[in-house]
Amino acid sequence: MKYTITTPLYYVNDKPHLGSSYTTIACDAIARFQRLKGNTVLFLTGVDEHGQKIERTAASKKLQPQLHCDEITRKYKYLWDKLNISYDRFVRTTSKEHTSLVHQFYSKVLKSDDIYMGRQSGWYCVGCEEYKDVDKNDKAPICSIHKKELEWRDEENLFFKLSKYQDQIEKLIQIDGFISPKSRKNEIINFVSKGLRDFSISRVNLRWGIDVPGNEDHTFYVWFDALLGYLSGSLSYQDSPELTNNSLTNWPANLHVIGKDILRFHAVYWPAMLLSAGMKPPISVFGHGFLTREGQKMGKSLGNVLDPIQLLEYGGIDAMRWYLLRDIEFGDDGDFQMRRFVDIVNSDLSNTIGNLLNRTITMSKKWFNNSIPIDNSSVVESPLKDLSELKINEYMESFMKNNFKNSANSIIDLANSANHYLNEQAPWKLIKDVSNKDIVARDIYSVLESCRIIAILLNPFVPNLSIRILNQLNIDSTLITFEKSLNWGLLNPSNGLNNPTPVMNKLEFNEDLFYE
Ligand SMILES: [Zn+2]
């Protein structure tokens, strides 16, 4: 089966922050999970490069907008590589392919008679790229999000007939699973129930955008342009994307993951635009929450911004990915806490999993000819077998709901139980009596087998650590699939074992790190 997943197309106003790293790590985990399920995944990420805010930011840096965009885009790509993000395509909305796609899409919407010229006046926030409803008596209104004065605009704009799609959008947003989590679905239902208003899709006083064919003094409104990046990135003919049925094999997207602040654009405007162009809306949209730091909103003026590159250099890729997916409830707002970061990573990855692997491999090599014991009789009898089946099911169920936290818990439960089993059985005592050798073989085999399963379940979360564990068990990580690799008893004694080295080093807590 095909599976298309997208991150938001990040606005290149500034370098990537912890929030965009978090979203992208979550999408990467989903993409890897779907690949392990045997699906053919298209994982799409990229950047949204147009709009007045970019034009002004570039001007303030005395750069051409394109050069500014190139510089920020490089930073995104650099960080995604450092985080081992397995994206298949990186969309740039300044590419010529994208421009061509936007023009093709626009002509389809025109044919549906969904565009008209109108006049729009009101208070505009450049930061939000949106008109704001403000109190009529307020002479210099301020954007509640950006705390900046709004600008008065009165101009001709092209409008899209969103109101025409009221009934279709009402039906769509009611579909089970279209919008998650539930609380956000209710927000959108409430918004749509007030009646959809047509929205403007062009600007006249903006040069840094895609030109509107037939209205040369207009450029497309940044949202009309950016949302189409999902489409231009998923077409099969990347060199010259043609918007035809043949090129739409990866569409509709199965999942758009976005921050909760842009849910309305994705769950209402975007599906209506697609319906107008005769295309299918996305299958699901997930709006996640925002990250705070030690209970406080992060901001430059507060001096508490956590730079993802610094965090990565300090903790490493596995620590960063694990903490964000394991400790923060995906969908809710979350709080980054340095103490928890260190404790969770040390406890889960270094102690519970790392030590389990290390000590069991050491015993196995020592007592069983430098290898994995051959378990003649009792693979099926190990209590860890039933437990692993239970935990694998829990893990799968949670992951399918994007509940990474519960999935991670299932992995740790299995590792804890394997540790407990080892301590109870105490093979280091049993081995002193030769007649116990079969029991010891069973115990060691079943703990190593648990480690193998743990490594596979860890793969979407922490692919690098997963591979290090599999390497010690002498297993080729490229051949892993859920279907073929999660049955109990697949660990092959003739594979042998590699020498145990710690798979995860401990982190030292340092309170003063990374305030910029
Ligand atoms: Zn604003």
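Up top you'll find the structure we're talking about.
Everything numeric in this text was worked out from a predicted model, so none of it was measured. (Residues numbered from 1 in each chain as written. Predicted model: local features only at pLDDT ≥ 70, side-chain atom pairs only at ≥ 80, totals over all residues. Heavy atoms only, no water.)

Engineer: Just to check I follow, could you spell out the overall build of the protein chain for this structure?
Structural biologist: Looking only at helices and strands, the protein chain has 18 helices and 15 strands in total. The C-alpha radius of gyration of the protein chain comes to 26 Å, within 12% of the 24 Å expected for a compact globule of 516 residues. Overall size of the protein chain, expressed as C-alpha extent along the three principal axes, is 90 × 50 × 40 Å. Taking all 516 residues of the protein chain together, 57% fall into the buried category. Within the protein chain, contacts between residues separated by at least 24 positions form 77% of all contacts whose residues are at least 6 apart in sequence. Entry remark: accessible area of the protein chain is about 22,700 Å², with carbon and sulfur atoms responsible for 48%. Averaged over its 60 positive side-chain charges, the protein chain has a centre that lies 1 Å from the centre of its 63 negative ones. (Helix = DSSP H or I, 4+ residues; strand = E, 2+ residues; numbered from the N terminus. Rg over C-alpha atoms; globule rule 2.2 N^0.38 Å. Buried < 20%, exposed > 50% of the residue type's maximum accessible area, 1.4 Å probe, protein only. Contact = heavy atoms within 4.5 Å. Areas by Shrake-Rupley, 256 points an atom, 1.4 Å probe, with all protein chains shown as cover. Lys, Arg positive; Asp, Glu negative; His and termini not counted. Charge placed at Lys NZ, Arg CZ, Asp CG, Glu CD.)

Engineer: Whenever I open this one, the packing of aromatic side chains confuses me. Can you help?
Structural biologist: Aromatic ring pairs are defined here through the distance separating the ring centres and the angle between the ring planes. A full pass over the atoms with the stated rule returns 34 aromatic pairs. Where Tyr-314 meets Phe-341, the ring centres are 6.3 Å apart and the plane angle is 35°; that geometry is what we call tilted. Of this pair, Tyr-314 sits in helix α10 (residues 308-315) while Phe-341 sits in helix α12 (residues 338-367), placing them 27 residues apart in sequence. Phe-341 sits in the buried class, given a relative accessible area of 0%. In this structure, Arg-264 is placed above the aromatic ring of Phe-191, and the distance from its NZ or CZ to the ring centre is 3.9 Å. Sitting above the plane of the Phe-368 ring, Lys-437 keeps its charged end 5.2 Å from the centroid. (Phe/Tyr/Trp six-rings, centres within 6.5 Å; stacked < 30°, edge-to-face > 60°. Lys NZ or Arg CZ within 6 Å of the ring centre and 35° of its normal.)

Engineer: Could you clarify how one ought to interpret the pairing of strand β4 (residues 115-125) in this entry?
Structural biologist: Consecutive side chains along a regular strand alternate between the two faces of the sheet. Where β4 lies against strand β6 (residues 151-160), ten bridges are found, and the strand directions are antiparallel. Residue pairing in the sheet places Arg-119 in a bridge with Glu-156 of β6. Bridge analysis of β4 against strand β5 (residues 130-132) gives three bridges, and the strand direction is antiparallel. The residue bridging Trp-123 from the neighbouring strand is Lys-132, located in β5. In this structure, the hairpin formed by β4 and β5 is closed by a connection of four residues, where Glu-129 is found at a positive phi of approximately 50°. (Pairing = 2+ DSSP bridges.)

Engineer: What is the right way to look at the pattern of salt bridges in this model?
Structural biologist: A side chain with one charge may pair with a side chain of the opposite charge, provided their charged atoms come close. Scanning all chains against the criterion turns up 27 salt bridges. Note that Lys-385 and Glu-389 form a salt bridge whose closest N and O atoms lie 3.4 Å from each other. Highlighted residues: Lys-385 and Glu-389, both in helix α13 (residues 383-400), separated by four residues, approximately one helical turn. Judged by relative accessible area, Lys-385 falls into the buried class, the value being 19%. On the accessibility criterion, Glu-389 (37% relative accessible area) is partly exposed. (Salt bridge = Lys/Arg side-chain N within 4 Å of Asp/Glu carboxyl O.)

Engineer: Would you explain the sheet that holds strand β11 (residues 215-220) in this entry?
Structural biologist: Strand order in the open sheet formed by three strands is β9-β11-β10, and the pairing between neighbours is antiparallel. The open sheet has two edge strands, β9 (202-203) and β10 (211-212), and neither has a second partner. In this sheet, β11 lies alongside β10 in antiparallel orientation, the contact comprising two bridges. Looking across to β11, one finds that Val-212 is bridged to Asn-215. Helix α4 (residues 96-111) contacts β10 and β11 of the sheet and is inclined by roughly 105° relative to β11. (Axes fitted to C-alpha atoms, helices over the stretch in contact; angles between N-to-C directions.)

Engineer: Which parts of the structure should I look at to understand the coordination of the zinc ion?
Structural biologist: Ideal geometry at a metal centre gives angles of 109.5 degrees when four donors are arranged tetrahedrally and 90 or 180 degrees when six donors are arranged octahedrally. The zinc ion binds to the protein through Cys-125 (SG), Cys-128 (SG), Cys-143 (SG) and His-146 (ND1); the donor distances cover 2.1 to 2.3 Å. For the zinc ion, the four donor atoms in the first shell make angles of 100 to 112° at the metal, so the coordination geometry reads as tetrahedral. The sequence motif formed by the donor residues of the zinc ion is C-x2-C-x14-C-x2-H. Classification of His-146 as partly exposed rests on a relative accessible area of 30%. (Donors = N, O, S within 2.8 Å, 3.2 Å for Na, K, Ca; no water. Tetrahedral: all angles 85-135°; square planar, octahedral: opposite > 155°, others 65-115°.)

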